[in-house]
Amino acid sequence: MTHRIPRGIVAEATARTMFTLTRHPPAPELAEFVEYHWILRWDLRGKPPHEQRVLPNLSVHVTFFPGASGVYGPARDVFSHRLAGHVQGLGVRFRPGTFRAFLDGPVRDIADRAVPLTDVFGPAAVTATESVQTAGDDAQMTGAIDKLLIANHGRLPPAARAAAEAVESIARDPGITRVAQLCADTGLTTRSIQRVFAEHVGCPPKWAIRIYRLNDAAQRLVTEGDPDYAGLAVRLGYSDQSHFIRDFRTVTGQSPAEYARTAGATPEREPDSDRT
């Protein structure tokens, strides 16, 4: 199935000079839960620290890094992490809607925050973290985490599948820009879709749609360099340029022009205010 996966590494060209990122599939037993493992390595010894920003997305991420291990719920704000020293670590990106199988409570309870690994996975998470830090290669790292996850997941209930499939609908179809369209596509009522998103995705469906739209916008700002902002707003389903700029600033903390400059683009037209 072809679908969008918001990744949202801010200033990716610069980021590539600071760390290496590889992605790996999970064990077959985890395929319905996990989109992929991601492994980061950086060596900034003797160099200034690097502050890396990542746009918000809908996924729960479980991370195994020195000083940054935990279960990170879906977030509304840009995530920032300071890279320093010589580090390797692994993160797991879960399919939106599926982490409820690992969690003793609704996913909304961990939205916009992180909880310790041991709160979710118990003492075995400590051993798994140590295995990631001492692993000699990627296969050893992913194998240790696959083992932890396989030992801890429950079954995926029908409501979770409905939530995951609804997110897939958004990911598959950029034309879905309103909750009513999502309801029509999934066959769920507005009340039902609000309920399953709160329980299994951790955010309202309206916010989920916004995240995909604005990740699309961020990618286009990087690739197009000097876009037609009014035309971009229309292509993304916004009623006007002003609405698009406000939405983009709410999610990223920057105007589209500021974001483009951060990413290395140099647009001539810079709509830094909400005026059209």
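Please refer to the structure placed before this passage.
Residues numbered from 1 in each chain as written. Predicted model: local features only at pLDDT ≥ 70, side-chain atom pairs only at ≥ 80, totals over all residues. Heavy atoms only, no water.

Asks: Give a description of the packing of aromatic side chains that names residues and reports values.
Replies: Inspection of every chain in the model, using the stated rule, returns eleven aromatic pairs. Taken together, a centroid distance of 6.0 Å and an interplanar angle of 10 degrees make the contact between W42 and F65 stacked. Separated by 23 residues along the polypeptide, W42 in strand β2 (residues 34-43) and F65 in the loop between β4 (61-64) and β5 (70-72) bring together distant segments of the chain. By the burial criterion, W42 is buried, and F65 matches it. (Phe/Tyr/Trp six-rings, centres within 6.5 Å; stacked < 30°, edge-to-face > 60°. Helix = DSSP H or I, 4+ residues; strand = E, 2+ residues; numbered from the N terminus. Buried < 20%, exposed > 50% of the residue type's maximum accessible area, 1.4 Å probe, protein only.)

Asks: Outline the pairing of β2, listing residues and values.
Replies: The buried count for β2 comes to eight of ten residues, which makes it a mostly enclosed element. Both strand β1 (residues 20-24) and β2 contribute to a ladder of five bridges, which runs antiparallel. Bridge pairing in β2 places T20 opposite R41. Looking at chain direction, β2 and strand β7 (residues 86-94) are connected through nine bridges and run antiparallel. Among the inter-strand pairings, W38 is bridged to a residue of β7, identified as G91. (Pairing = 2+ DSSP bridges.)

Asks: Let's hear about helix α5 (residues 158-172): which residues, and what values?
Replies: Between its terminal C-alpha atoms α5 stretches 21 Å, which fits the 21 Å expected from 15 residues at 1.5 Å a residue. Inspection of α5 places A160, A163, A164, A166, V167, E168, S169, I170 and A171 among the buried residues, and these make up the whole buried set. Packing partners of the buried residues in α5 comprise α6 (179-186), α7 (190-201) and α8 (205-224). (Expected span 1.5 Å × (residues − 1). Contact = heavy atoms within 4.5 Å.)

Asks: Can you explain the nonpolar core? Please cite residues and give values.
Replies: Core analysis: the biggest nonpolar cluster contains 38 residues, and F197, F244 and F248 have the highest contact counts within it. For this core, the secondary-structure elements that each account for two or more residues are α5, α6, α7, α8, α9 (229-235), α10 (241-252) and α11 (256-262). If one sorts the elements of this core by residue count, α8 sits on top with nine residues. In this view, F244 contacts L214, A217, Y229, L232, A233, L236, Y238 and P256; residues no more than four positions away in its chain are not counted. Residues F99, L103, I110 and F121 belong to the second largest nonpolar core, which totals 32 residues. (Core = buried A, V, L, I, M, F, W, Y, C linked by side-chain atoms within 4.5 Å.)

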